[in-house]
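# Observations on chain architecture
Each chain, written out:
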Amino acid sequence: MNLDKVQELFEDYTRGKISRREFVRLSFIVGGAAAAQAVMAACAPGAPTTAPPGATPAAIIQSTTAPKSNITPQKLIYAASQDAPDIDPSGRTDYSIGALTMQLYDRLFRYESGFPQPVTNGLCTSFDVSKDAREWTFKLTDKAKFHDGSPLTAEAVRFSINRTLALKKPRANLLLPLLDSNSVKAVDNTTIKMTLLQPYAELPRALRDTLIMNPKVVTDHAGSDNGATYLLDHEAGSGPFTIKSWTVGTAYELEAWPEYWASFPGEGRLSGFVWRIIREGASRRIALLSKEVDVADSMSADDIDIVNKTPGFQATVDYGTLTGYMRLNNQKEPTSNEDFRKFLATAFDYEGYKATLKGYANILKGVIPDGHPYFDASIGNYKFDPVKAKEYLDKTPWKNGGISLDFVYVTGLDFEEQMGLVLLAQLQKFNIKLNMVPKVFPDMVAACKTPQTASNLSMIFTGYNIPDQWFFFQWYSPNWDRPTGGDYNTCAFYKDPSFDKLVETVRVTADEAEKKKIYSEMQKIIHDHAVDIPVYSQPNITGWRKRVQGFKFFGAISQDFWRLWIDDSKDK
């Protein structure tokens, strides 16, 4: 029997290249019944780690180093709602891209130690800062190595930061006001000195998403774009995983790097994982409960009871920074009209929407979550008020309706679609048509580069762990009004020089009373002009097979695969 060919087919199946039905059909064709049954038995969920004679289970990759326990490293299959079309470490920060790049690359600081996201050491072992928060000195570990075996030094940190600054893509947004090409110096192999262009006390948090690259790998593949084309689907990192296969739009497979300098923190570890794209929420649930996958992200509130009542499975519900906004394009009619934006904000039935989520929603009481340290409760948020909505609409050129708007949301996310349907039901009463337009998230991000390409309404979820980021990333106009354009954070395309100045001022203000005053003023501006429609803080709902161990919520949709392992004794 042709067992090797059947194993290849199984690898294609776990990577999402072929369906389970197609795998079974082709296995019987190329290997006969015995071969197909042997591989399926060895690779089935919950199967023992011993293989049939003459075979090595495709789902189990043996470790080259001894694990912390007798738990054999296994491969995890993760059902994800979102694609990762570009993993350039100087590029974008979508949740899927962030989830995968943080497995491939190291950073000076980590934040995967729980919630509300304490910053812990990564490559950095200690640091000193001047009293004015402008001069920072970071000491690095001398143990870190890139995947080619070369040491990760201070020069790699300098190179990586300067490359990110030079490309001016979304990962550079937070760094550009603080650093330029002369700001970062490699004092010696394990010492980095940064002299900021302006004081900034939150620099360690700002550096969390700065990924450190192997300079040789990048320069060897620099081409004409500083390595951007190569790094779309290749890596140059030192993280706990490396790339095994990469199929954009379908599946991405990473395998563990057993010699990872920081080791693995759990009682066991994964041999690798597959990030498999399953866009529809119902399909993710079915794949989980049929044991085709081990974890399913972005699940519906309707799935919670179903998953929890199924033996061997559980759903986790965690509230973090994830916050849902209806982004209103402030540069395109009719949402460029302030009264029309206020009409939309008062025409939406917030509590009705919460009911569709079975109550799993914290409706926002202001333009930012009330967990924000500078949240001003006195400013409030818009409420569902059809009478008031009509008053606002009457002030616009569209008081009799007769117009059509697109509501763009992520394909397969039921809770986003439901938000549009709740709004649609209300807008019909005002003779306004709302077109439901599902898109894959990368296409939404691409559309958000310019006001001309973006929709009037986009459903966007975002979340930040530094106070000024809520204002800086979403409504600070230099983040979108530039040659490289904006991203999903800036899809409101708000532009107000006085507001921009407040953002710049609060980032360098040390006095707490003055900071509180500025933050309140910024919240008032966003509310009074109805720049966006803040809706709710969303729980992160994830479905798990109980055999997956090591999960720790750290405030984001994605998981830290470095911390996970599979223990089949828990699969009950």
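Calculation criteria
- Residues numbered from 1 in each chain as written.
- Predicted model: local features only at pLDDT ≥ 70, side-chain atom pairs only at ≥ 80, totals over all residues.
- Heavy atoms only, no water.
- Salt bridge = Lys/Arg side-chain N within 4 Å of Asp/Glu carboxyl O.
- Helix = DSSP H or I, 4+ residues; strand = E, 2+ residues; numbered from the N terminus.
- Buried < 20%, exposed > 50% of the residue type's maximum accessible area, 1.4 Å probe, protein only.
- Phe/Tyr/Trp six-rings, centres within 6.5 Å; stacked < 30°, edge-to-face > 60°.
- Lys NZ or Arg CZ within 6 Å of the ring centre and 35° of its normal.
- Pairing = 2+ DSSP bridges.
- Axes fitted to C-alpha atoms, helices over the stretch in contact; angles between N-to-C directions.
- Contact = heavy atoms within 4.5 Å.
- Polar contact = N/O pair within 3.5 Å; in protein donor to acceptor, adjacent residues only side chain to side chain.
- Core = buried A, V, L, I, M, F, W, Y, C linked by side-chain atoms within 4.5 Å.
- Parallel < 35°, antiparallel > 145°, perpendicular 65-115°, else oblique.
- Nonpolar A, V, L, I, M, F, W, Y, C, P; charged D, E, K, R; others polar.

### A few points about the pattern of salt bridges
- Applying the stated rule across the entire model yields 28 salt bridges.
- For R327, the salt bridge identified is with D532, shortest N-O distance 2.7 Å. On the criterion of sequence distance, the pair formed by R327 in strand β12 (residues 313-328) and D532 in the loop between α16 (512-528) and β17 (533-545) is long-range, its members being 205 residues apart. No difference in accessibility class separates R327 from D532, as the two residues are buried.
- Across the pair D560 and R563 runs a salt bridge whose closest N-O atoms are separated by 3.5 Å. Across this residue pair, the class does not change: D560 and R563 are buried.

### Overview of the packing of aromatic side chains
- Applying the stated criterion across every chain yields a total of 37 aromatic pairs.
- Considering the side-chain rings of Y260 and W562, the 6.2 Å spacing of their centres and the 90° angle between planes classify their relative orientation as edge-to-face. In this pair, Y260 is assigned in the loop between β9 (251-256) and β10 (270-277) and W562 in the loop between β18 (548-549) and β19 (565-566), connecting sequence segments 302 residues apart. A single burial state applies to Y260 and to W562, both of which are buried.
- Look at W544 and F551: their rings are 4.7 Å apart centre to centre, the planes differ by 45°, and that puts the pair in the tilted class.
- On the basis of relative accessible area, W544 is assigned to the buried category, the value being 2%.
- By relative accessible area, which is 26% here, F551 ends up partly exposed.
- Three or more aromatic residues joined by ring pairs make a cluster, and in this case those are Y78, Y95, F241, Y260, W261, F264, F273, W275, F561 and W562.
- The side chain of R110 reaches across the aromatic face of W562, ending 3.9 Å from its centre.
- A cation over a ring is seen here: R507 above Y200, with NZ or CZ 4.9 Å from the ring centre.

### Focus on the sheet that holds strand β7 (residues 191-195)
- Taken together, 4 strands build an open sheet; the order of strands is β4-β5-β7-β6 and the sheet is antiparallel. Strands with a single pairing partner mark the edges of an open sheet, and in this sheet they are β4 (124-129) and β6 (184-188). Ignoring strand direction, the axes of neighbouring strands in this sheet form an average angle of 20°.
- Two strands pair when backbone bridges link them, and β6 and β7 are joined in this way by 4 bridges, in the antiparallel orientation. Pairing of V184 across the sheet is with M194, part of β7.
- Where helix α4 (residues 154-167) meets the sheet, its contacts fall on β5 (135-140), β6 and β7, and the angle it forms with β6 comes to roughly 175°.

### Observations regarding the side chain of R92
- Along the polypeptide, R92 turns up in the loop between β1 (74-80) and α3 (95-104).
- Of note is the side chain of R92, whose polar atom sits 2.5 Å from the side chain of D94.
- Not counting the four nearest positions on each side in its chain, R92 is found in contact with P85, I97, P170, R171, P442 and V445.

### Let's talk about unusual backbone geometry
- Cis peptide bonds are those with omega within 30 degrees of zero, and the linkage from E333 to P334 qualifies with 0°.
- For P334, the position within the fold is in the loop between β12 and α9 (338-347).
- A positive phi angle, close to 65°, is found at K291, a residue other than glycine.
- Tracing the chain through its elements places K291 in the loop between α7 (281-289) and β11 (295-296).
- One non-glycine residue, F493, lies in positive phi territory at about 50°.
- Counting through the fold element by element, F493 comes out in the loop between α14 (469-475) and α15 (497-506).

### Remarks on the nonpolar core
- In terms of nonpolar packing, the biggest core is built from 84 residues, with L76, W275, M326, F343 and Y536 touching the most fellow members.
- With near-sequence residues (within four places) excluded, W275 lies in contact with Y78, A80, Q82, Y95, S96, A99, L100, T250, A251, Y252 and F561.
- M194, V367, F499 and V503 belong to the second largest nonpolar core, which has 54 residues in total.

### Remarks on the packing of α9 against helix α12 (residues 414-427)
- Here α9 crosses α12 at 110°, and the two axes come no closer than 10 Å. Looking at the two axes, α9 sits roughly perpendicular to α12. Counting all contacts with α9, which are made through F343, L344 and A347, the residues of α12 involved are L423, Q426 and L427.
- Partitioned by chemical class, the residues of the contact of α9 with α12 number 5 nonpolar, 1 polar and no charged.

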